[in-house]
Amino acid sequence: MPLEINNINVYYDDFHVLNDVSITAEDGECIALLGSNGAGKTTLINTVSGLNKTTTGDIIFNGKSVKDIPAHEVVELGIIQVPEGRRLFPNLSVRENLLVGAYSKRAREGREERMAYVLDMIPALKNKLSRAAGSMSGGEQQMCAIGRGLMSKPELLMMDEPSLGLAPKIVEEMFEIIEKIMKTGTSILLVEQNVNMSLEISKHAYVLESGRISLSGTAKELESNPKLRESYLGI
Amino acid sequence: MLSQLAQPLLSGTLMGGVYGLIALGLSLVFGVMRVSNFAHGDLLMIAMYISVALWEGFGISPYVSIFGVAIFMFFVGVFIQKAAITPILKSEKERSPLRLILFTVGLSIFLQNLVLMIKGGAPVTATVPLSTQTLPVGDLIVSIPRLLAFVLSIVITVILWFFISKTDTGRAMRAVSQDRETSLLMGINEYKTYAIAFGIGTVLLGLAASMVSTFLYAFPTMGSSYTLRSYVIVALGGIGSIPGAMIGGLVVGIIESISAQFMPASYSEVVIFIIFILVLVIKPSGMFGKERK
Ligand SMILES: Nc1ncnc2c1ncn2[C@@H]1O[C@H](COP(=O)(O)OP(=O)(O)OP(=O)(O)O)[C@@H](O)[C@H]1O
Ligand SMILES: [Mg+2]
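Below or above, wherever it landed, is the structure these notes cover. (Residues numbered from 1 in each chain as written. Chains lettered and ligands numbered in written order. Predicted model: local features only at pLDDT ≥ 70, side-chain atom pairs only at ≥ 80, totals over all residues. Heavy atoms only, no water.)

### Considerations on the overall build of chain A
Broken down by element type, chain A carries 10 helices and 10 strands. The globule rule puts the C-alpha radius of gyration for 235 residues at 18 Å, and the 17 Å found for chain A is close to it. Viewed in the frame of its principal axes, chain A has a C-alpha envelope of about 45 × 40 × 30 Å. Each of the 235 residues in chain A was classed as buried or not, and the buried ones make up 54%. Total accessible area computed for chain A in this model is approximately 9900 Å², and 47% of it derives from carbon and sulfur atoms. Treating the 25 positive side-chain charges of chain A as one cloud and the 31 negative ones as another, the clouds have centres 5 Å apart. (Helix = DSSP H or I, 4+ residues; strand = E, 2+ residues; numbered from the N terminus. Rg over C-alpha atoms; globule rule 2.2 N^0.38 Å. Buried < 20%, exposed > 50% of the residue type's maximum accessible area, 1.4 Å probe, protein only. Areas by Shrake-Rupley, 256 points an atom, 1.4 Å probe, with all protein chains shown as cover. Lys, Arg positive; Asp, Glu negative; His and termini not counted. Charge placed at Lys NZ, Arg CZ, Asp CG, Glu CD.)

So this is what it looks like as structure tokens:
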């Protein structure tokens with residue numbers, strides 16, 4: 001069991017953002033984390049990444065507690081995030097962004113071969129390696145952000161709303177890439193607003209509402225759950 | 001008229017290269033961690049005093065001690081970063097520049113008085129055999145130590161440019177300067193990166209100080225004019241731009257020495273300051289800098 005989040009509580013000053021949240025992800029599966037704007041999804045994955053700290057509970061990854069490990073060391077364990085809004089280094093080229101993705105000790109060795117593999121996975125990046133990342137379109141930037149995440153040798157890849165603001169065709173392309181990544185045995189925690197497509201590729205799903213898990217179950221169960229259909233699918 | 005300007009143009013260019021090297025450290029530190037170091041010129045002053053002391057006390061020429069001084073200055077920089085700047089940065093959730101400005105201004109005053117206390121206020125310099133050597137080029141006279149300082153400054157700048165653009169550490173520094181939170185998600189230790197940046201900044205000061213100590217005088221209050229010049233150069237060249245700092249340095253050096261032909265030398269600082277304000281008003285990102293979001 002690679003990731004186990006047990007009863008975490010996260011505050012921004014006095015503001016209680018996450019309230020007793022627990023999530024379990026198994027090896028090589030995709031977990032969907034759904035929820036409306038401001039529910040606390042980003043806060044949750046930032047807590048796993050070590051950018052936010054929980055006051056209670058624990059976060060266990062491969063049997064090891066990570067909640068007190070600083071963010072730059074969490075990366076060394078293989079917990080990798082593709083952040084919301086891509087957050088590429090705009091003045092670095094695509095190639096340099098990918099290289100920074102392999103900055104950690106974990107990923108530095110064999111990074112050239114890894115880059116070849118990532119470009120195979122995301123061929124759209126191949127002829128853009130020398131472009132400044134900030135000068136690309138939203139879709140290209142998202143592909144680059146995923147590529148950068150893969151360069152870090154993820155064991156658990158957390159993606160924060162990767163389809164945000166992308167054209168439907170690009171969204172489809174991106175979900176195909178996510179499925180390819182899953183097939184390599186990497187676990188995925190997918191934060192999404194695109195409920196339909198996320199449930200389609202994931203095994204389990206959680207719904208976060210105002211900082212609490214309000215619904216959870218297998219993707220199949222949630223797909224037919226009237227409450228979820230009502231609030232997110234607009235049916 | 002033209003031949004009258006040729007000599008100051010030459011001297012200004014030679015000195016400008018060194019100004020560029022001195023400004024690079026300030027630019028790097030500000031670019032990577034957004035810290036304004038008002039003790040920058042004072043750290044140059046300290047390094048010059050060390051260089052002179054090694055010459056006067058032990059007969060070690062600044063051209064020999066330069067690497068030792070540079071390494072020593074690296075540890076001085078890393079120490080200042082780790083002992084003071086990093087704790088101040090860590091103690092504030094929302095980083096406000098105020099406390100760091102107070103700290104570096106305080107450090108500047110401390111260093112000046114430290115030197116005043118130990119060595120007094122009289123200017124010092126390392127008069128080595130090379131100090132007074134000149135090379136005639138046509139009608140012009142080239143000072144050899146100044147030429148040497150200029151050439152070395154350019155070489156060091158090129159090496160630094162290579163380091164920043166091609167190495168993993170250099171790339172990490174650029175990443176941190178663009179988005180520090182995301183850098184953490186890449187496994188970059190931001191505080192270690194800051195210490196390296198500050199250390200490189202002080203290494204550059206150590207190198208520059210060793211070279212100029214053979215033809216310039218060091219005195220306790222000299223730092224402020226170098227800090228000011230460095231700010232003007234960084235404003236001209238754009239924050240974090242290595243070629244920008246070098247070009248900015250040349251511009252300042254040339255303007256300074258040409259204006260000295262027409263007015264008392266002490267006014268040249270006023271001229272520099274006017275340029276500074278003009279740049280800030282007309283193009284705040286620097287004449288050669290990229291626009292920052
Ligand atoms: N740095 C911060 N300081 C204070 N409050 C914050 C901070 N970041 C987020 N919040 C608040 O915490 C709550 C949860 O935010 P979070 O970004 O985790 O939500 P989200 O589910 O990711 O939303 P979205 O779908 O819009 O990305 C929101 O009410 C938000 O306003
Ligand atoms: Mg979010």
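### With respect to the side chain of Asn52(A)
All names here are of chain A. Mapping Asn52 onto the fold places it in the loop between α1 (41-49) and β4 (58-61). Among the polar contacts made by the side chain of Asn52, one reaches the main-chain carbonyl oxygen of Thr43 at a distance of 3.3 Å. Every residue in contact with Asn52, bar those within four places of it in the chain, is listed here: Val10, Tyr12, Thr43, Asn46 and Thr47. (Polar contact = N/O pair within 3.5 Å; in protein donor to acceptor, adjacent residues only side chain to side chain. Contact = heavy atoms within 4.5 Å.)

### Description of the site of ligand 1
Residue and element names in this part refer to chain A. Taken together, 14 residues sit near ligand 1, with Lys41, Thr42, Thr43, Glu84 and Glu161 positioned nearest. Contact distances for ligand 1 include 2.9 Å between an oxygen atom and a side-chain N or O atom of Asn37. With respect to ligand 1, the side chain of Lys41 contributes an N or O atom lying 2.7 Å from an oxygen atom. For ligand 1, whose free accessible area comes to 630 Å², the fraction covered by protein is 62%. (Near = heavy atom within 4 Å.)

### So, the side chain of Ser257(B)
Residues and elements named next belong to chain B. You can see Ser257 is positioned in helix α10 (residues 242-259). The exposure class assigned to Ser257 is buried, which follows from its relative accessible area of 16%. With residues up to four places along the chain from it excluded, the contact list for Ser257 reads Pro8, Leu9 and Gly12.

### Details of the sheet that holds strand β6 (residues 79-82) of chain A
Residues and elements named next belong to chain A. In spatial order, the strands read β6-β7-β8-β3-β9-β10; together these 6 strands make up an open sheet with mixed pairing. For this open sheet the edge positions go to β6 and β10 (212-218), each flanked by a neighbour on one side alone. Ignoring strand direction, the axes of neighbouring strands in this sheet form an average angle of 15°. As paired elements, strand β7 (residues 156-160) and strand β8 (residues 187-192) share 5 bridges and run parallel to each other. Looking at the pairing, Leu156 lines up with Ser187 of β8. The sheet contacts of α1 involve β3 (30-34), β6, β7, β8 and β9 (204-209), and relative to β7 the element is tilted by about 150°. Each of β6 and β7 is contacted by helix α6 (residues 138-151), which is oriented at about 170° to β6, the strand it contacts most. (Pairing = 2+ DSSP bridges. Axes fitted to C-alpha atoms, helices over the stretch in contact; angles between N-to-C directions.)

### Some points on the sheet that holds strand β5 (residues 64-65) of chain A
Residues and elements named next belong to chain A. Taken in spatial order, the 4 strands of this open sheet run β2-β1-β4-β5, and their pairing is antiparallel. The open sheet has two edge strands with one neighbour each: β2 (15-25) and β5. In the sheet, strand β1 (residues 3-12) pairs with β4 via 4 bridges, with the strands oriented antiparallel. From the neighbouring strand, Leu3 faces β4, where its bridge partner is Phe61.

### As for the interface of chain A and chain B
If you look at the interface, chain A gives 22 residues, while chain B gives 18 residues. Taking both sides of the interface into account, the surface hidden between chain A and chain B amounts to around 2100 Å²; carbon and sulfur atoms contribute 58%. Among the residues of chain A in contact with chain B, His72(A), Phe89(A) and Tyr103(A) are the three that bury the most area, contributing 29% of the side total. Where chain A packs against chain B, one counts 6 salt bridges. Glu181(B) is the partner of Arg87(A) in a salt bridge, and the nearest nitrogen-oxygen pair spans 3.3 Å. (Buried area = accessible area lost by both parts, 1.4 Å probe. Salt bridge = Lys/Arg side-chain N within 4 Å of Asp/Glu carboxyl O.)

### Considerations on the coordination of the magnesium ion (ligand 2)
Residues and elements named next belong to chain A. The protein atoms that coordinate the magnesium ion (ligand 2) are Thr42 (OG1) and Glu84 (OE), at distances spanning 1.9 to 2.4 Å. In this pair, Thr42 sits in helix α1 while Glu84 sits in the loop between β6 and α3 (94-101), placing the two residues 42 residues apart along the sequence. For Glu84, a relative accessible area of 31% translates into the label partly exposed. (Donors = N, O, S within 2.8 Å, 3.2 Å for Na, K, Ca; no water.)

### Observations concerning the pairing of β9(A)
Residues and elements named next belong to chain A. The sheet contact formed by β3 and β9 spans 4 bridges and is parallel. Residue pairing across strands places Ala32 opposite Ala205, the latter belonging to β9. Sheet topology places β9 next to β10; 6 bridges connect them, and they run antiparallel. Counterpart to Glu209 in the pairing with β10 is Arg212. Hairpin connection of β9 to β10: 2 residues between the antiparallel strands, including Ser210 at a positive phi of 45°.

### Re helix α6 (residues 168-178) of chain B
The element α6(B) is extensively covered by neighbouring structure, given that 9 of its 11 residues are classed as buried. Those residues of α6(B) that sit buried are Asp168(B), Gly170(B), Arg171(B), Ala172(B), Met173(B), Arg174(B), Ala175(B), Val176(B) and Ser177(B).

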